[in-house]
Amino acid sequence: MKTEVLKSIKKTEEEYRQQVEKAKAEREQIIANARFEADNQVAKATAVADEYTKKRLADARNDAAKKRAQIVEEGKHQASLLKEKGRKRMNEAVSLLVERFKERVHVTA
């Protein structure tokens, strides 16, 4: 009877030890899977962030190019207006220049 009780206790201890080992192995597998999943999520998040950054940079470059083109166009328009204004006043400027030149050399027409 004592030997049967001891065998039963040893058998129960062995079963318990096996359950503990199995639980430890399962825990390690769960931890490994969680780490793997976390790494995948980090990689996905990094890829999404990189793509977002590239898109924002491209948008910013496009906006800057549009603003630059607009500024250049406005500058060309202003230059055109100034040239036209200068052409319209060319005769007046030449007359004034000739008049002032005559005054300097004291010549009368």
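Above this text sits the structure in question.
It should be emphasised that the depicted structure is a prediction, and the values quoted were computed from it without experimental measurement.

Conventions used here
Residues numbered from 1 in each chain as written. Predicted model: local features only at pLDDT ≥ 70, side-chain atom pairs only at ≥ 80, totals over all residues. Heavy atoms only, no water. Helix = DSSP H or I, 4+ residues; strand = E, 2+ residues; numbered from the N terminus. Rg over C-alpha atoms; globule rule 2.2 N^0.38 Å. Buried < 20%, exposed > 50% of the residue type's maximum accessible area, 1.4 Å probe, protein only. Areas by Shrake-Rupley, 256 points an atom, 1.4 Å probe, with all protein chains shown as cover. Salt bridge = Lys/Arg side-chain N within 4 Å of Asp/Glu carboxyl O. Patch = residues over 30% accessible without salt bridge, like charges linked within 9 Å, V, L, I, M, F, W, Y side chains within 5 Å. Expected span 1.5 Å × (residues − 1).

A.B. asks: Can you help me understand the overall build of the chain in this one?
C.D. replies: Secondary structure assignment for the chain yields two helices and zero strands. Over its C-alpha atoms the chain spans a radius of gyration of 46 Å, topping by over 25% the 13 Å that the globule rule assigns to 109 residues. The dimensions of the chain, computed from C-alpha atoms along their principal axes, are 150 × 20 × 10 Å. Within the chain, buried positions represent 0% of all 109 residues. When the accessible area of the chain is evaluated, it comes to approximately 10,800 Å², of which 58% is carbon and sulfur surface.

A.B. asks: Help me out: how do you make sense of the pattern of salt bridges in this one?
C.D. replies: A full pass over the atoms with the stated rule returns five salt bridges. A salt bridge links Glu-28 to Arg-27; the shortest N-O distance between them is 2.9 Å. Looking at Glu-28, the relative accessible area reads 42%, which means it is partly exposed. Where Glu-84 meets Arg-87, a salt bridge forms, and the shortest distance between an N and an O atom there is 3.5 Å. Of this pair, Glu-84 and Arg-87 both sit in helix 1 (residues 2-88), three residues apart, roughly one helical turn.

A.B. asks: Explain a nonpolar patch on the surface here, please?
C.D. replies: Judged by side-chain polarity, Met-1, Val-5, Leu-6 and Ile-9 come together as a nonpolar surface patch covering roughly 430 Å² of accessible area. Relative to the assigned elements, Leu-6 resides in helix 1.

A.B. asks: So what exactly am I meant to see when it comes to the environment of Leu-82 here?
C.D. replies: Mapped onto the fold, Leu-82 is located in helix 1. Considered as a pair, Leu-82 and Ala-43 are 39 residues apart in the sequence and their alpha carbons are 58 Å apart.

A.B. asks: How should I be thinking about helix 2 (residues 90-105) in this particular structure?
C.D. replies: Residues spaced three or four apart along an α-helix point in a common direction, a consequence of the helix completing one turn every 3.6 residues. With 16 residues, helix 2 should reach 22 Å at 1.5 Å per residue; the first-to-last C-alpha distance of 22 Å fits that figure. Looking one or two residues past helix 2, His-106 carries a phi angle of roughly 55 degrees, positive in sign.

A.B. asks: How should the environment of Phe-36 be read in this particular structure?
C.D. replies: Here Phe-36 shows up in helix 1. A C-alpha to C-alpha distance of 90 Å links Phe-36 and Arg-100, two positions 64 residues apart in sequence.

Structural measurements only, silent on function.
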